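One letter stands for each residue in the lines below.
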Amino acid sequence: MVVRDSKACVVGAGPNGLAAAIVLAQAGLQVDVFEAQPTPGGAVRSMELTEPGFLHDFGSAVYPLGAGSPFFSSLPLEKHGLEWVHSPAPLAHPLDDGTAVVLERDLESAASRLGCDGSAWRRLVQPFAERWREFAPEALRPIVAIPQHPWLMARFGMIALRSAQGIVQRFQADRTRALFAGLAAHSFLALDEPLSGAFGMMMAISAHGVGWPIARGGAQSITNALCSYLTTLGGRVITSSRIESLDSLSDCNLILCDVTPRQLLAIAGPRLSDSYQRQLQRFRYGPGVFKLDYALNSPIPWRAAECARAATVHLGGSFDEIAASEKAVRSGKCVERPFVLFVQPSLFDPSRAPVGKHTAWAYCHVPNGSKMDMLQKIEDQIERFAPGFRQTILARHVFSPASIESMDSNLVGGDISGGIIDPSQMLFRPTRKLYATSAPNIYICSSSAPPGGGVHGMCGYHAAKTALARL
């Protein structure tokens, strides 16, 4: 039974830390959240990075799993200022012939646009997209848990365990294969690796199930809504308060840490068993990102005009080209033509820039901690599909993996996923204990725990539920 005057402390005010804090506060605990940075949010923050009046998202920018999160959807976040903005199409993928593959949110419209592959696309995603409310809670929790919908998840697993390279064999057109390559590349895996197909599937299913929205006013709106709701439950968020040792939280009955294994070792080391510390030391981080934020004097001059219908644009050409880019990164290398994820939020949310001006956000994958300057290569890719792009730039801000980590210590070496999610780190993440540690009152609730990266809060939700069950 939960003691109603018990006190819980959460280290880190990212979306998972805030989700954990809300679950604990809902159970009646006193909750304090300690955040090292002056502003809560972790990778879910917005700031003026280039010029006054231009609002940029520091980390994440598009939120299919935020809008589709089983936990976030249960909260009255719209009453606390959160508004999702959907572009007419979730995604555009331009090609060298001057056209673009556009992924429509409506499944039937998407199937129609994909022509000869429409039926195959429908068969691939429809069983899960039309049952998103049942599918999402199953997909966004530990794999080792017994599913509530075993047949649905067995069907998903039979496809998702395959590589992206294996899944695209069902498509006839190179255009459809290129589209799926961009979706699967969100995995940070090589496209011939097992589980790369699972990420492509999740991105495709969410596009039809809930869409790929942005948050009006920027990513900070999500964080502010979570903090505001937590306050109504009596919780507190204390910023500019870095926890150097968990010994400073000795008055807490429960401590949940929205940090990765490296930080957990630093702040909790002596309180963890030697064997558990060794397990955390074996945790592996994935590739990083090299990110650019732009202030622009006009919209992007896309060669394929349809790209202006989507907030998210994947720049990488064919399946083979994207596969080569991601395989090189997994091998510790960079390529001349990196796969680039590009977002143009001000087309659909005018609050991001002064009247008549625009913002854009772009990154490519690089080896963890890479010091290679990818600015020229990223802009060459943008120019490839939007000739004249450089002439629209008023100002840019460059984030290397090191500078990204300096803004959020959880983003180790620029890794935005909390650690690579390959087969060996999928089942037991970060260890076989999942959210629990060797210390009875210390839990890990970051994206280094199941289900992993993405702004959905489910790592924090499940960690808090586990902690409450043991309290």
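Position numbers for residues start from 1 in each chain and track the written sequence from start to end. Residues qualify for local features only when their pLDDT is at least 70, as the model is predicted, and side-chain atom pairs are given and counted only at 80 or more; totals for whole chains, interfaces and linings, by contrast, use all residues. Note that water and hydrogens are dropped before the side-chain values are worked out from all heavy atoms of the structure.

Chemist: So what exactly am I meant to see when it comes to the overall build of the chain here?
Modeler: A helix here means a DSSP run of H or I that spans at least four residues, while a strand means a run of E at least two residues long, and both kinds are numbered starting from the N terminus. A tally of regular secondary structure across the chain gives 17 helices and 16 strands. Every radius of gyration here is taken over C-alpha atoms, with the globule rule written as 2.2 Å times N^0.38, N being the number of residues. Here the C-alpha radius of gyration of the chain, 21 Å, is about what a compact globule of 471 residues would show, namely 23 Å. Projected onto its principal axes, the C-alpha coordinates of the chain cover approximately 65 × 50 × 40 Å. Sorting the 471 residues of the chain into buried and exposed places 62% on the buried side. What sets the accessible areas is the Shrake-Rupley method with a 1.4 Å probe; for residues, cover comes only from the shown protein chains. Accessible surface, the chain: about 17400 Å² in total, of which carbon and sulfur atoms supply 52%. Counting 43 positive and 40 negative side-chain charges, the chain places the centres of these two groups 5 Å from one another. For every residue, the accessible area obtained with a 1.4 Å probe (protein chains only) is divided by the maximum for its type, and the residue is called buried under 20%, exposed over 50%, and partly exposed between those limits. As used throughout, the charge tally considers Lys and Arg to be positive and Asp and Glu to be negative, leaving His and the chain termini uncounted. Charge placement uses NZ in Lys and CZ in Arg. For Asp and Glu, CG and CD serve respectively.

Chemist: Even after reading the chapter, I still don't get the layout of surface pockets, so can you show me in this structure?
Modeler: One way to see where empty space is left: roll a probe the size of a water molecule over the atoms. We place a 1 Å grid over just the protein atoms. Points where a 1.4 Å probe fits but has no way out form a cavity, open points with protein on both sides within 12 Å along at least 5 of 7 lines form a pocket, and any residue with an atom within 4 Å of a point lines it. Grid points are joined across faces, edges and corners, and a volume is the space filled by probe spheres set on the points. Empty space within the second largest pocket amounts to approximately 320 Å³. Around the second largest pocket, the lining is made up of 17 residues, and of these Ala67, Gly68, Ser69, Phe72 and Ser73 lie nearest the centre. Listing elements by their share of the lining of the second largest pocket, those giving two or more residues are helix H2 (64-67) and helix H5 (132-139). Sorting elements by how many residues they give to the lining of the second largest pocket places H5 first, with four residues. Three categories are distinguished: nonpolar for Ala, Val, Leu, Ile, Met, Phe, Trp, Tyr, Cys and Pro, charged for Asp, Glu, Lys and Arg, and polar for the others, with Gly belonging to the last. Counted by class, the lining of the second largest pocket contains 11 nonpolar, four polar and two charged residues.

Chemist: Honestly, the nonpolar core in this entry has me stumped. Any pointers?
Modeler: The nonpolar side chains of a soluble globular protein tend to be buried, and buried together. Residues Trp121, Phe180 and Leu256 are the most contacted members of the largest nonpolar core, which totals 112 residues. Examining the composition of this core, we find that eight residues originate from one element, helix H1 (residues 15-26), more than from any other. Residue contacts follow a heavy-atom distance rule, with two residues in contact if any of their heavy atoms lie within 4.5 Å. Look past the residues within four positions of Phe180 in its chain and what remains in contact with it is Trp121, Leu124, Ala164, Ile167, Val168, Phe171, Gly197, Gly200 and Met201. Residues belong to one nonpolar core when they are buried, are Ala, Val, Leu, Ile, Met, Phe, Trp, Tyr or Cys, and are joined through side-chain atoms within 4.5 Å.

Chemist: Can you help me understand the state of the cysteines in this one?
Modeler: Any covalent bond linking the sulfur atoms of two cysteines counts as a disulfide. Cysteine sulfur atoms that come within 2.5 Å of each other are treated as a disulfide pair. For the structure on display, the rule yields one disulfide. Left unpaired, Cys459 is separated from the closest cysteine sulfur, that of Cys445, by 8.4 Å. On the basis of relative accessibility, which here comes to 0%, the residue Cys459 falls in the buried class.

Chemist: Would you take a moment to explain empty space enclosed by the protein for this structure?
Modeler: Enumeration according to the criterion identifies one cavity of 30 Å³ or more in this entry. Taken as a whole, the largest cavity spans an internal volume of roughly 40 Å³. Leu55, His56, Asp57, Ala61, Asp293, Pro345, Arg352, Thr359, Ala360 and Trp361 are the residues that line the largest cavity. Breaking the lining of the largest cavity down by element, the ones donating at least two residues are strand E4 (56-57) and strand E14 (358-366). If one sorts the elements of the lining of the largest cavity by residue count, E14 sits on top with three residues.

Chemist: For this particular structure, what's the right way to read unusual backbone geometry?
Modeler: For the bond running from Arg429 to Pro430, omega is -5°, close enough to zero to count as cis. Inspection of the secondary structure puts Pro430 in the loop between helix H16 (423-426) and strand E16 (442-444). Pro450 connects to Pro451 through a cis peptide bond whose omega is 0°. The phi dihedral of Leu195 falls on the positive side, at around 85°, and the residue is not glycine. Along the polypeptide, Leu195 turns up in the loop between helix H8 (174-184) and helix H9 (196-209). The backbone phi angle of Ser240 is positive, close to 50°, even though this residue is not glycine. The exposed category is assigned to Ser240, whose relative accessible area is 52%.

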